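Geometric and topological summary
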Amino acid sequence: MQKGVNTIGRWVQSKTEAFQNYDALLKENETLKDQLEQSQKQVAQYQQNSYELERLQALYELDLQYYDYKKTAARVISKDTGGWFQVFYVDKGTDDGVVEGCNVMYGNGLCGIVTEAGKDYAKVRAIIDDTSNVNGMILPSEAICNVEGSASNYENGYLIAENIDKDAEVGVGDQVVTSYVSSKYLSGINIGYVTKIEEDSNNLTKTAYITPACDFSKIQEVLIVLQTKKTVSE
């Protein structure tokens, strides 16, 4: 009987120790889960900071390309409905020197123009908007053209430059910039690059297809040029 009691006692003790070990493992597991969750949050924050740093670095490099112009950086705070950033709002306004007519840059060149400015916000119309038209110039031939805004064309990957003189020496890969004759845009800002050219049916002009210098699907920060194009009266 004593041997049986001892056996049962040892069995009970082993089970008690097992439960104690199990409880300790559960607590350790919860601690490890908390540590893993914190580590995952830190990794996510590091990734977010890395992406933001890349964007700001690209913005800084764009700023250096156009160092002659005084500019301010702004964050996008809202946009109109639709997949593309055709019309959007930024967090800088008249208190920061932003006024109607200020040119807006993003990516590798021209993004749009300010059409409305409040004290602490501005409304921007992108060059892909259907109501947008930009007087452009194709380099190196300096051929004048009109870059037509079109969300449907941009959805297919291009914008159209019209009214190019048929004798102008224009080729694939040529750069398109804002023209000195533009009434709204400062001259020399990159718009994009020619990818295809077609002769028009009137035999007087030709049309070029342009790959834009900006990606209008994910704009977060922009540069606003704090000066506007001089008008004839000015």
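Refer to the structure above for everything that follows.
For the structure given in this document, a descriptive report is provided here. These numbers come from a predicted model, not from an experiment.

Things to note about the overall build of the protein
The helix and strand tally for the protein stands at 2 helices and 12 strands. What you see in the protein, going N to C, is helices and strands ordered as α-β-β-β-β-β-β-β-α-β-β-β-β-β. Going through the 234 residues of the protein one by one, you find that 37% of them count as buried. The long-range fraction of contacts in the protein, counting pairs at least 24 apart against all pairs at least 6 apart in sequence, stands at 59%. A total accessible area of about 13,900 Å² is found for the protein, and carbon and sulfur atoms account for 50% of it.

Observations regarding the pairing of strand β11 (residues 205-212)
Counting buried positions along β11 yields 7 of 8 residues, so the element is predominantly enclosed. Relative to β11, strand β8 (residues 159-165) runs antiparallel, the two being bridged by 5 bridges. From the neighbouring strand, D165 faces β11, where its bridge partner is T205. Once strand β10 (residues 190-199) ends, the chain turns through 5 residues before running back antiparallel as β11, passing N203 with a positive phi of about 60°.

What to know about the pairing of strand β5 (residues 122-126)
On a regular strand, each side chain points to the face opposite its neighbour's, so the side chains alternate between the two faces of the sheet. Where burial is concerned, most of β5 is hidden: 4 out of the 5 residues are buried. Sheet topology places strand β2 (residues 87-90) next to β5; 4 bridges connect them, and they run antiparallel. Directly across from Y89, in β5, lies its bridge partner K123. As judged from the 5 bridges shared by strand β4 (residues 109-117) and β5, these two strands associate in the antiparallel manner.

Conventions and cut-offs
Residues numbered from 1 in each chain as written. Predicted model: local features only at pLDDT ≥ 70, side-chain atom pairs only at ≥ 80, totals over all residues. Heavy atoms only, no water. Helix = DSSP H or I, 4+ residues; strand = E, 2+ residues; numbered from the N terminus. Buried < 20%, exposed > 50% of the residue type's maximum accessible area, 1.4 Å probe, protein only. Contact = heavy atoms within 4.5 Å. Areas by Shrake-Rupley, 256 points an atom, 1.4 Å probe, with all protein chains shown as cover. Pairing = 2+ DSSP bridges.

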